[in-house]
Amino acid sequence: VLVLCLTMLTTFHLPTSMIHYGYTQGKIDAKVDDLATVPLQPTSERIRGVNHYFMLPKSSFPKPRGLLVVLHACKHSGLEFFHLPEDRIVAQHALQKGLAVLALTSQDRVSGCFTQQDVSWVGQVVNDWTKLHSLQNLPRYGLASSSGASFLFFVFQELKLESMVVYN
């Protein structure tokens, strides 16, 4: 009986509350269908000995309008940005806005963390990737979470970012 009551409550109340709390006064545009997105299928590219992951905006954009460079948290890789539910929503919105999304992977695959050895290396990886895809002149934006966010403060100049966002 308890399970039946919870099911009924969820079925009737949850969609309404998601719609109500999913929208704000124009600051964040979240939709109910965003909450159940499928994992994205990024392309993997090995640059400077490590696999990094990227997606380019759909054909509605002849050329990307900018580059979103993503740094992951410890115990992750660039792939998680396209697979974790909260991150893939961000990735989808960036792609819809015409941004290329490049999620870097740290060199230290044991801890999965960005370290001091990555400071100049990440800039080289981004420069190599933009040359490979003829996207050198795009404005660059940074996004990072947790320990990647801390690392972003050390490398934002190396990455030549226009702006950056960090979150935990």
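Here's a quick rundown of the structure.

Quick notes on the rules
Residues numbered from 1 in each chain as written. Predicted model: local features only at pLDDT ≥ 70, side-chain atom pairs only at ≥ 80, totals over all residues. Heavy atoms only, no water. Helix = DSSP H or I, 4+ residues; strand = E, 2+ residues; numbered from the N terminus. Expected span 1.5 Å × (residues − 1). Buried < 20%, exposed > 50% of the residue type's maximum accessible area, 1.4 Å probe, protein only. Contact = heavy atoms within 4.5 Å. Phe/Tyr/Trp six-rings, centres within 6.5 Å; stacked < 30°, edge-to-face > 60°. Pairing = 2+ DSSP bridges. Disulfide = S-S within 2.5 Å. Patch = residues over 30% accessible without salt bridge, like charges linked within 9 Å, V, L, I, M, F, W, Y side chains within 5 Å. Areas by Shrake-Rupley, 256 points an atom, 1.4 Å probe, with all protein chains shown as cover. Salt bridge = Lys/Arg side-chain N within 4 Å of Asp/Glu carboxyl O.

Comments concerning helix H3 (residues 85-96)
Stage number 1. End to end, H3 covers 17 Å across 12 residues, agreeing with the expected 16 Å (1.5 Å per residue, within 8%).
Stage number 2. If you check which residues of H3 are buried, you get Asp87, Arg88, Ile89, Ala91, Ala94 and Leu95.
Stage number 3. Here the buried face of H3 lies against strand E2 (50-55), strand E3 (66-71), helix H2 (80-83), strand E4 (99-103) and strand E6 (163-167).

Quick notes on the packing of aromatic side chains
Stage number 1. Per the stated rule, a full pass over the model turns up 3 aromatic pairs.
Stage number 2. Look at Phe81 and Phe82: their rings are 5.6 Å apart centre to centre, the planes differ by 80°, and that puts the pair in the edge-to-face class.
Stage number 3. With a relative accessible area of 4%, Phe81 lands in the buried category.
Stage number 4. Ring geometry for Phe114 and Phe151: centres 5.1 Å apart, planes at 10°, overall stacked. Here the residue Phe114 occupies a position in the loop between E4 and helix H4 (119-132), and Phe151 occupies one in helix H5 (residues 146-155), the gap between them amounting to 37 residues. No difference in accessibility class separates Phe114 from Phe151, as the two residues are buried.

Points about the environment of Asn51
Stage number 1. With respect to the secondary-structure elements, Asn51 resides in strand E2.
Stage number 2. Each C-alpha atom, one on Asn51 and one on Leu79, is 9.0 Å from the other, the two residues being 28 residues apart in sequence.
Stage number 3. Residues within four places of Asn51 in sequence aside, it is in contact with Ser44, Glu45, Arg46 and Thr105.

Quick notes on the pairing of strand E1 (residues 43-47)
Stage number 1. Relative to E2, E1 is paired through 5 bridges, and the arrangement is antiparallel. Within the sheet, the bridge partner assigned to Arg46 lies in E2 and is Asn51.
Stage number 2. Count of turn residues in the E1/E2 antiparallel hairpin: 2 residues, of which Arg48 carries a positive phi of about 55°.

Some thoughts on unusual backbone geometry
Stage number 1. For Lys75, which is not a glycine, the phi torsion comes out positive at approximately 70°.
Stage number 2. Mapped onto the secondary structure, Lys75 falls in the loop between E3 and H2.
Stage number 3. The class of Lys75 is exposed, set by a relative accessible area of 69%.
Stage number 4. In this structure, Lys160 takes a positive phi of about 55° despite not being glycine.

Here we look at the state of the cysteines
Stage number 1. Enumeration according to the criterion identifies 1 disulfide in this entry.
Stage number 2. One disulfide in the model links Cys74 with Cys113; its S-S distance is 1.8 Å. Taking the torsion about the sulfur-sulfur bond, which here is approximately 125°, the covalent link between Cys74 and Cys113 counts as right-handed. Linking Cys74 in the loop between E3 and H2 with Cys113 in the loop between E4 and H4, this pair joins segments that are 39 residues apart in sequence.

Considerations on a nonpolar patch on the surface
Stage number 1. Residues Phe153, Phe154 and Val166 make up a contiguous nonpolar surface patch of roughly 330 Å² in combined accessible area.
Stage number 2. Residue classification places Val166 among the partly exposed positions, given a relative accessible area of 35%.

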